[in-house]
Structure formats: structure tokens, C-alpha cells
Amino acid sequence: MRMVDIIRKKREGCSLTDEELTFFVKGYTDGSIPDYQASALLMAICLNGMDDRETAFLTMEMAASGDSLDLSAIKGQKVDKHSTGGVGDKTTLIVAPIVAACGVPVAKMSGRGLGHTGGTIDKLESIPGYRVNLSESEFIRQVNRISIGLIGSSKNLAPADKRIYALRDATSTVESIPLIASSIMSKKLCSGCDCILLDVKVGSGAFMKTLPEAQKLAKTMVSIGKHAGKKTVALLTDMEAPLGLAVGNSLELWEAIELLKGGGDPTLTSLCLELSAWMLFLADEGPLDRCRETAQNVLDSGAALQKFRQLVEAQGGDLQSIDNLSLLPCALYRREIKAESDGYLVRMDAKRCGIASSILGAGRERKEDDIDYGAGIRLERKIGDQVQTGDVIAVLHSNTPEKFGDAEEVFRGGLRISQTPPPKRPIILGTVK
Ligand code: URA
């Protein structure tokens, strides 16, 4: 078999056979296929697409290219949740303890933030002492004991994806639905779970800017999950504006804990309850409406907060900082962003907000960059709110005040105040089963 023939075939819009896809994934992972040939194939896929069989097979080959986590020693149905990435998305910190408090094990590996999107592991690391690197046996013992574990990935999961993703980034071939779907799902398929709930974000802060595109991505990922024998459902959720009221690691952790304590932004709360209900439903905990009630009950009773405290304690984090949030990392400097006219806030661009937060120190441009856990943006107003000139819309937080100028410019560029209120946009835009 020759790579040049595989490239030509895809360039001409034909489907690749299983053997050809195996040849590509194995060869690119072991270095026998050079970057220039892999780049040519990725561009041909980007332009001509792949059918469902090709996409599912490519994903399985990528998943099989490295280690996988064996969670079979954990009793019960293990449900994983994955967000395609957004701004202010702290849902895992809330949903995982809600689901675990209902008795369904949550054994989740999460990632770090990159570019304008955040990552759960960075948020958890804002808790002094919290260990994100547990050994596999320690992780499994913990989940069997307290039903919850949230760790970073130390294994060599889907190395084919790592190589292919880096090449896509450098060859402008990221924006391809089969390539995005196979990249995300290859990692999910090695995470040891039985069921997968996908939160596919739609809007300015997401990969998918429009609902039809997001539906297509969701359908592709659900089809891959089912093909691999995992119950899979996707919710399509809004990412036009940041989620909740905080963007940045320790600020988001603060918001998540406040929500678990009974406060919190109603939009964020309703999304977290819906995600939790779907996870319980996938784990066979009864009809969806009953799962919604169960999720609400453990949030209202404080059982979810207790579960989060148990998690933090088990992973070595400082419980005092959970009980007294002022002990969490906090930035030394603040700058208020005020409304420059009267009217309704009709736009607060999620991507610009994510970039501004990253400029303030909350994110990284390159994987090896350090982050400032206290940096970020606290939103005082949301889309649809009426504002008057001089009202504070947001507060920027940073330990490097010289970054305020650039961050304010980027953040302000995403704001719009208008004389007419915006149409209401629901947080949940659809479901793909
Ligand atoms: N996240 C991934 O892991 N891969 C993609 O291609 C896009 C988002």
C-alpha cells in the first residue's frame, strides 16, 4: 500500500477502506509516514469529507494507537461528559458532584485550557494542594470509595490524535467535522466509560459558530459513540456569551462552589441540572424527568456540595478554601469596565471574553506557559440586562496590571449596547440521540 495512492483517492472524493485508514494512522504514529503526506491527506479530508463508516473507523484506530483506562473495577455504569470547549464553562465542577451524590460513579479525566478556552484541571489546581495526578489504582480505589475522582491524564491516550492535532493546527485543517469528531471521540473511547454525554457548544466562543454545523458535529460524534458500543447523547448549548458570571480559573471555581452552596446564576444552574439529569438517564437511573428531580434534590439538600468537599479532601486539597472562598488564589489588581451608553446589553462576545481573560493571565498560548490562577473576568451584567452609562458591566482581575489596557480593548470590542432588548436565547438549543 502506498500513501500517495491514499491521498489521490481522497483527493478524488472516494471513500477510504479500513485497511487504508489503518495504514495511515499506524504509519503516521510510528513516523514512517512523513508530515507532508499526512498534511496532504488531512487537507483532502477537509475538502472532501468522510462518510460515517470512515469517520468511525478512523476514530477507533486513533483510540487504539496508545493506552486506555480500564475502569472495569469500578462498580456501576460509568458516564463521561465532554464539552467541546467554551468560555466560563465550569459545568464539570458542578455536574460531577451532583451525579456522584446520586450514587452514580464519576471517574473523569479532564484537560487543561489552551487559547481562549479554559480547562477543568487548571480550575481544580486553583485549590491549594489539590492533586490532579493520581495513580490508576489510587483513582479507582477513590471512585469505589466516594463515587468521584477528577484527574488529569497521565497516560499516553490516543497518541495518533496528539500528532494529527498538532499537524492540523499548523496546516489549517482543524475546521473539519470528521477530523474534529474523530479527535474528540478517540480520546473519549479510551477513557474507560460505558456512556458518553457530549455538550456541543454553539456560538462565537465555540468551534461551531452555527446551529446546523453544531448539529452535524453532534450527529457525527453520537454515531461514532454508538458504533463503538457506548450509549451516547449530545446536548447543543449556547456559547455566544460566556457561561455564568466568571471567566478564569479561581473565579470559576468560586462560582461553581457558590452554586453548590445554593447561590448561582440561573442559566448556569439550569444547564448543570440538565447535564446531570442526562448523565443519570444514561446510567439507567430511571426516566429523564425523574433524573431531573433527583439532580435538583441533591443540589438543594447540600449533598452535592458535601460530595465536592469529599472529592477535594480525597485528592489532598485544602478544605478551608472551599469553606472560606476568600482563601482561594485572588488577583491583586482590578479594573472596572463601565457602560458607555444607556440601553440593553445585547452582545458580550464569548470568544473575546476568553481572549481578554487569557491576556490577563488566566490562559496559555502555548502548552508550557504558566498561568495566573487568580486572573480573569467577573461579569456584573449579562446579555439582556438594562444598563445606564457608568454602570459596571465587568471587573477584570490580574496580578499584572499592565495587561489591563489590551484586555479591556479586546473585551470592549465584544460588547454592544442597543435601545431594544435582544431576543431571549435559550441555553439548551437541541438534543441529538
Ligand atoms: N478538541 C479536540 O480534542 N480536537 C479537536 O479537533 C477540536 C477540539
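Residues numbered from 1 in each chain as written. Predicted model: local features only at pLDDT ≥ 70, side-chain atom pairs only at ≥ 80, totals over all residues. Heavy atoms only, no water.

Enquirer: How would you sum up the overall build of the protein? Please name residues and give values.
Expert: For the protein, the helix and strand inventory stands at 17 helices and 13 strands. A compact globule built from 433 residues should have a C-alpha radius of gyration of about 22 Å, and the protein, at 22 Å, falls within 12% of that. Projected onto the principal axes, the alpha-carbon positions of the protein cover approximately 65 × 50 × 40 Å. Expressed as a percentage of the 433 residues in the protein, the buried residues total 55%. Look at the contacts in the protein between residues 6 or more apart in sequence, and 78% of them connect residues 24 or more apart. Accessible area of the protein: about 17,700 Å², with a carbon and sulfur share of 49%. Charged side chains in the protein number 53 positive and 56 negative. The centres of these two groups are separated by 2 Å. (Helix = DSSP H or I, 4+ residues; strand = E, 2+ residues; numbered from the N terminus. Rg over C-alpha atoms; globule rule 2.2 N^0.38 Å. Buried < 20%, exposed > 50% of the residue type's maximum accessible area, 1.4 Å probe, protein only. Contact = heavy atoms within 4.5 Å. Areas by Shrake-Rupley, 256 points an atom, 1.4 Å probe, with all protein chains shown as cover. Lys, Arg positive; Asp, Glu negative; His and termini not counted. Charge placed at Lys NZ, Arg CZ, Asp CG, Glu CD.)

Enquirer: Can you tell me about the sheet that holds strand S11 (residues 392-398), naming the residues and giving the values?
Expert: If you walk across this open sheet you meet the 4 strands as S6-S9-S11-S7, and the pairing is antiparallel. Each end of this open sheet is capped by a strand with a single partner; those strands are strand S6 (246-247) and strand S7 (333-338). Relative to the sheet, helix H17 (residues 404-413) contacts S7, strand S9 (376-379) and S11, its axis offset from that of S7 by approximately 30°. (Pairing = 2+ DSSP bridges. Axes fitted to C-alpha atoms, helices over the stretch in contact; angles between N-to-C directions.)

Enquirer: Break down the packing of helix H1 (residues 3-11) against helix H2 (residues 18-30) for me, with residues and values.
Expert: With their axes 11 Å apart at the nearest point, H1 and H2 run at an angle of 120° to one another. Accordingly, the angle class assigned to the pair H1 and H2 is oblique. Crossing hand, H1 versus H2: left-handed. Facing Met3, Ile6 and Lys9 of H1, the residues of H2 in contact are Glu20, Phe23 and Phe24. Tallied by class, residues from the contact of H1 with H2 come to 4 nonpolar, no polar and 2 charged. (Parallel < 35°, antiparallel > 145°, perpendicular 65-115°, else oblique. Left-handed = near helix turned anticlockwise from the far one by under 90°. Nonpolar A, V, L, I, M, F, W, Y, C, P; charged D, E, K, R; others polar.)

Enquirer: If you had to explain the packing of aromatic side chains to someone new, which residues and values would you point to?
Expert: One pass over the structure, following the stated rule, counts 2 aromatic pairs. Relative to Tyr28, the ring of Phe24 lies with its centre 6.3 Å away and its plane at 10°, an arrangement referred to as stacked. Taken together, the residues span about one helical turn, with Phe24 and Tyr28 both in helix H2 at a distance of 4 residues. For Phe24, a relative accessible area of 2% corresponds to the buried category. With a centroid separation of 5.5 Å and an interplanar angle of 80°, the aromatic rings of Trp278 and Phe281 are classed as edge-to-face. Here Trp278 and its partner Phe281 are both found in helix H12 (residues 266-282), 3 residues apart, which amounts to about one turn of the helix. (Phe/Tyr/Trp six-rings, centres within 6.5 Å; stacked < 30°, edge-to-face > 60°.)

Enquirer: Break down the sheet that holds strand S13 (residues 428-432) for me, with residues and values.
Expert: Within the open sheet, the 4 strands sit side by side as S1-S4-S5-S13. Their pairing is mixed. Pairing within the sheet leaves two strands with one partner each, and these edge strands are strand S1 (79-83) and S13. For this sheet, the mean angle separating the axes of adjacent strands, direction not counted, is 15°. Relative to strand S5 (residues 231-238), strand S4 (residues 195-202) is paired through 8 bridges, and the arrangement is parallel. Within S5, the position partnered with Leu197 by the bridge is Val233. Each of S1, S4, S5 and S13 touches H12; the most contacted strand, S4, lies at about 150° to it.

Enquirer: Any details on the site of the ligand? Residues and values, ideally.
Expert: Inspection of the region around the ligand gives Tyr165, Arg168, Ile180, Ser183, Ile184, Lys187 and Phe207 as its neighbouring residues. The side chain of Arg168 places a nitrogen or oxygen atom 2.9 Å from an oxygen atom of the ligand. With the chains in place, 87% of the 240 Å² that the ligand exposes on its own is no longer accessible. Those elements that provide at least two residues to the shell around the ligand are helix H8 (159-171) and helix H9 (177-189). (Near = heavy atom within 4 Å. Polar contact = N/O pair within 3.5 Å; in protein donor to acceptor, adjacent residues only side chain to side chain.)

Enquirer: Go over the environment of Val132 with me, naming the residues and quoting the values.
Expert: Residue placement: Val132 occurs in the loop between helix H6 (120-124) and helix H7 (136-146). Given the relative accessible area of 3%, Val132 is considered buried. Spatially, the C-alpha atom of Val132 lies 20 Å from that of Gly85, the residues being 47 residues apart in sequence. In this structure Val132 touches Arg112, Ile121, Glu125, Ile151 and Gly152, once residues within four positions along its chain are discounted.

Enquirer: Kindly report on the environment of Val95, identifying the contributing residues and their values.
Expert: With respect to the secondary-structure elements, Val95 resides in helix H5 (residues 91-101). It is 9.7 Å that separates the C-alpha atoms of Val95 and Leu260, two residues lying 165 residues apart in sequence. Residues in contact with Val95, not counting those within four places in the same chain, are Lys81, Cys272, Leu275, Ser276 and Met279.

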